[in-house]
Amino acid sequence: EQQRASSNSSKSLAAVVARLERNAVNSCTEGEELDRLTTEEEEEQDEAVVPRVLYEELVHSYRQQEEEMRRLQQELERTRRQLLQQAKKLKEYGSLLTEVKELRDFNRRLQDVLLMRLGS
C-alpha cells in the first residue's frame, strides 16, 4: 500500500508538472490558473493521504513496540543486577578458595612440624 501511495504521489507530481508546463504554454490568465492548480493540488493531496485504518494500525503497532521496548529494558536491568550479584559472589568464592588453599598449606606445615617433633 505504501508503494502504491508513493507511486500515486509520484504520478501525481509528474501530472502536476506536466499540467503546469502545458498551462504555461497555453498562457491562461493567472487567476484561472491558480484556482485550477489549487483544486488539482487538493485532489492530489487527498489521494496521497494515508488511510485512517492504516494510520491507526501503525499507531497501535508503534505503541506495542514501545511497550515491548520498556519490558525488554526492565528485563535487561534485572539481568544486569543479577550479573552484578553473581560477580560479587564469584569474587567472594575466589577469595574463599584462596583462603582454603592457604589453610591447607598451613595444615600440611603444621603436620610436618608435629611429625618431626614426635619422631625426635
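Our subject is the structure listed above.
Residues numbered from 1 in each chain as written. Predicted model: local features only at pLDDT ≥ 70, side-chain atom pairs only at ≥ 80, totals over all residues. Heavy atoms only, no water.

1. Considerations on the overall build of the protein
- Across its full length, the protein carries three helices and zero strands.
- Overall, the protein shows an N-to-C arrangement of helices and strands of α-α-α.
- Here the protein holds 120 residues, and 7% of them are scored as buried.
- For the protein, the accessible surface area stands at approximately 11,200 Å², while carbon and sulfur atoms represent 55% of it. (Helix = DSSP H or I, 4+ residues; strand = E, 2+ residues; numbered from the N terminus. Buried < 20%, exposed > 50% of the residue type's maximum accessible area, 1.4 Å probe, protein only. Areas by Shrake-Rupley, 256 points an atom, 1.4 Å probe, with all protein chains shown as cover.)

2. A closer look at the pattern of salt bridges
- Considering all chains together, one arrives at six salt bridges under this definition.
- When the shortest N-O distance is used, the salt bridge between R71 and E68 registers 2.6 Å. Separated by three residues within a single helix, R71 and E68 lie in helix α3 (residues 52-119), roughly one turn from each other.
- According to the relative accessible area criterion, E68 is partly exposed, its value standing at 36%.
- Several salt bridges converge on common partners, so that one network encompasses E68, R71 and E75. (Salt bridge = Lys/Arg side-chain N within 4 Å of Asp/Glu carboxyl O.)

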